[in-house]
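Here is how the chains run, residue by residue.
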2 protein chains.
Amino acid sequence: MRIDPEKLKLYLVTDRRFNPDPLVEQVRRAIAGGVTCIQVREKNTSTGEFVELAAELLKLCREQKVPLIINDRIDIALAIEADGVHLGRSDMPIALARKLMGDRYIIGATASTIAEAQAAEASGADYLGVGAVVATATKADHSQVIGLDGLAKVCKSVSIPCVGIAGIDQTNAKAVRQTGAAGIAVVSAILAADDQQAAASQLRTAIENL
Amino acid sequence: MRIDPEKLKLYLVTDRRFNPDPLVEQVRRAIAGGVTCIQVREKNTSTGEFVELAAELLKLCREQKVPLIINDRIDIALAIEADGVHLGRSDMPIALARKLMGDRYIIGATASTIAEAQAAEASGADYLGVGAVVATATKADHSQVIGLDGLAKVCKSVSIPCVGIAGIDQTNAKAVRQTGAAGIAVVSAILAADDQQAAASQLRTAIENL
């Protein structure tokens, strides 16, 4: 297993639009609050700048023993030797990514249905981001809303760990974990909070006491 | 030498904004008119779509024995096994790209000055795109305007072949080649033409008769 399911417990996907502070500082607060995995997602950043940002985050993540996953960009992951990539539906096909990256890297994929989840597992995905759990304003990879029931069904259909994604916050974090998901993925629930560390800590507490 | 300088003679950088026809059809016309190298440049395309587009172009380029270079994206170049990448100033550092890609791939870089050109050569670039030769509305990688004199000086300063870029058209193509450049890189001079094949053919004729 390339990723310890415990590391998927509280999974943060980055988005620099919520807070003007340097991303590395925001991630530092999130990890201090209890985040267990970081996925860096940049959609309008040059490759050169992305390499620099990701390298800076990797240094922090290695110090904190938190895996760093790069959204979409295999070139960035290979360049900085990150822990893995997360591939959405419009990114590189999983099997092709596996061929380019070899066995060492974690590959995560996105799924909304049992069919998608099983296809991703068969293609070599190590974990799945499954949703949308709740409708949300943050982009959720164009996923349909599947609810807690849908999440529970997808989790049961595969042997790789699943993380619930989209619309997860303090009010539903515990319920999401109780579906059988290895963890919860959040964006704004931490990054839009006035106190990012406290927000992470409260989410972590909510999912620890099932 | 990873690239035959003859293949740099008439170098087309793609831009889908000039013509609504499928890019593969536009490239087919350009090659029929005499284009000797294709650089595919996509800035707002998903990775999945870029892989498909590049694979389709590679099939055509291989049939026509024209090298296919991918702008910026090493992941795309590796995924489809293109001939190489072209790295602008905001893309991945050349030495890092060379490390990821190995010796087989062509790596081109952008330069405006002798210092930049020599640094790129020392870092492992196989050829240079040098400009801006003329001020232009098409994006020229934020290059300063160096004119024909600047181009001639940069060409003389390195041992790798150089291609003049930006603002090159039928009126100045011959003069650009006479600076000592291995070729000319064009975008709108072919892609914005009503008859793309004829435009390519006229440019090719202009640079054949020095």
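All of these numbers come straight from a predicted model, not from anything done at the bench. (Residues numbered from 1 in each chain as written. Chains lettered and ligands numbered in written order. Predicted model: local features only at pLDDT ≥ 70, side-chain atom pairs only at ≥ 80, totals over all residues. Heavy atoms only, no water.)

Draft legend 1. Representation of the overall build of chain A within the structure. For chain A, the helix and strand inventory stands at nine helices and eight strands. The C-alpha atoms of chain A give 15 Å as radius of gyration, which agrees with the globular expectation for 210 residues (17 Å, within 12%). Based on the C-alpha atoms only, the size of chain A along its principal axes is roughly 40 × 40 × 30 Å. Taking the contacts inside chain A whose residues are at least 6 apart along the sequence as the reference set, 60% of them involve residues at least 24 apart. Approximately 8600 Å² of chain A is accessible, and the part contributed by carbon and sulfur atoms is 50%. Between the mean site of the 23 positive side-chain charges and the mean site of the 25 negative ones, chain A shows a separation of 3 Å. (Helix = DSSP H or I, 4+ residues; strand = E, 2+ residues; numbered from the N terminus. Rg over C-alpha atoms; globule rule 2.2 N^0.38 Å. Contact = heavy atoms within 4.5 Å. Areas by Shrake-Rupley, 256 points an atom, 1.4 Å probe, with all protein chains shown as cover. Lys, Arg positive; Asp, Glu negative; His and termini not counted. Charge placed at Lys NZ, Arg CZ, Asp CG, Glu CD.)

Draft legend 2. Quick peek at the relation of the copies chain A and chain B. When chain A is fitted to chain B, the best match, at an RMSD of 0.0 Å, comes from turning it 180 degrees and sliding it 0.0 Å along the axis. Overall, the copies show the geometry of a two-fold rotation axis. Residue D75(A), judged by its C-alpha, is the member of chain A lying nearest the rotation axis, at 2.4 Å. Most of the interface of chain A is mirrored in chain B, where 100% of its interface residues are also at the interface. (Least-squares fit on C-alpha atoms with pLDDT ≥ 70 in both.)

Draft legend 3. Representation of the interface of chain A and chain B in the model. Taken together, the contacts link 18 residues of chain A with 18 residues of chain B. With both sides pooled, the region where chain A packs onto chain B buries about 1400 Å², and carbon together with sulfur makes up 64% of that total. Between R73(B) and D75(A) there is a salt bridge, with the nearest N and O atoms lying 3.9 Å from each other. Scanning the region where chain A abuts chain B turns up six residue pairs in polar contact (both at pLDDT 80 or more). Per-class residue counts for the side of chain A that touches chain B are seven nonpolar, four polar and seven charged. (Buried area = accessible area lost by both parts, 1.4 Å probe. Salt bridge = Lys/Arg side-chain N within 4 Å of Asp/Glu carboxyl O. Polar contact = N/O pair within 3.5 Å; in protein donor to acceptor, adjacent residues only side chain to side chain. Nonpolar A, V, L, I, M, F, W, Y, C, P; charged D, E, K, R; others polar.)

Draft legend 4. Representation of unusual backbone geometry within the structure. The omega torsion of the bond from G131(A) to A132(A) falls at 5 degrees, within 30 degrees of zero and hence cis. Relative to the assigned elements, A132(A) resides in the loop between β6 (127-130) and α6 (147-157). Phi is positive for A166(A), which is not a glycine, with a value near 90 degrees. One can find A166(A) in the loop between β7 (162-165) and α7 (173-177). Positive phi, normally seen in glycine, also occurs at K65(B), with a value near 55 degrees. In this structure, K65(B) sits in the loop between α2 (47-64) and β3 (68-71).

Draft legend 5. Layout of the side chain of T36(B). With respect to the helices and strands, T36(B) occurs in the loop between α1 (23-33) and β2 (37-40). In contact with T36(B), not counting residues within four places along its chain, are E6(B), K7(B), L8(B), K9(B), L10(B), Y11(B), V66(B), P67(B) and R204(B).

Draft legend 6. The side chain of E42(B), seen in detail. All names here are of chain B. With respect to the helices and strands, the residue E42 is situated in the loop between β2 and α2. Taking relative accessible area as the criterion, E42 reaches 10% and is therefore assigned buried. Looking at E42, its side chain comes within polar contact range of the side chain of R16, at 2.7 Å. At 2.5 Å, the side chain of E42 forms a polar contact with the side chain of T45. (Buried < 20%, exposed > 50% of the residue type's maximum accessible area, 1.4 Å probe, protein only.)

Draft legend 7. Up close: the nonpolar core. Counting 152 residues, the largest nonpolar core has I70(A), L128(A), I70(B) and L128(B) as its most contacted members. Residue contacts for I70(A): discarding those within four places in its chain leaves V40(A), F50(A), A54(A), I76(A), A77(A), I80(A), A82(A), G84(A), V85(A) and H86(A). (Core = buried A, V, L, I, M, F, W, Y, C linked by side-chain atoms within 4.5 Å.)

Draft legend 8. The packing of aromatic side chains, seen in detail. Residues and elements named next belong to chain A. This model, assessed by the stated rule, comprises two aromatic pairs over all chains. Pairing Y11 with Y127 gives two aromatic rings, centres 5.8 Å apart and planes at 55 degrees, and the pair type is tilted. Taken together, the positions of Y11 in strand β1 (residues 10-13) and Y127 in strand β6 put the pair 116 residues apart, joining distant regions of the chain. Considered together, Y11 and Y127 belong to a single accessibility category, that of buried residues. Positioned above the aromatic ring of Y105 is the side chain of R104, whose terminal nitrogen or guanidinium carbon lies 4.7 Å from the ring centre. (Phe/Tyr/Trp six-rings, centres within 6.5 Å; stacked < 30°, edge-to-face > 60°. Lys NZ or Arg CZ within 6 Å of the ring centre and 35° of its normal.)

Draft legend 9. The arrangement of the packing of helix α5 (residues 114-123) of chain B against helix α6 (residues 147-157) of chain B in detail. All names here are of chain B. Running from N to C, α5 and α6 point in directions that differ by 30 degrees, and their axes come no closer than 9 Å. Taken as axis vectors, α5 and α6 run roughly parallel relative to one another. Every pair of crossing elements has a handedness; the one defined by α5 and α6 is right-handed. Here α5 contributes I114, A117 and Q118 to the contact with α6, which in turn contributes K153, V154 and S157. Within the contact of α5 with α6, the residues separate by chemical class into three nonpolar, two polar and one charged. (Axes fitted to C-alpha atoms, helices over the stretch in contact; angles between N-to-C directions. Parallel < 35°, antiparallel > 145°, perpendicular 65-115°, else oblique. Left-handed = near helix turned anticlockwise from the far one by under 90°.)

Draft legend 10. Representation of the environment of E49(A). Its place among the elements puts E49(A) in helix α2 (residues 47-64). Relative accessible area serves as the criterion here: at 41%, E49(A) is assigned to the partly exposed category. Those residues within four positions of E49(A) in sequence are excluded, and the remaining contacts are R16(A) and S90(B).

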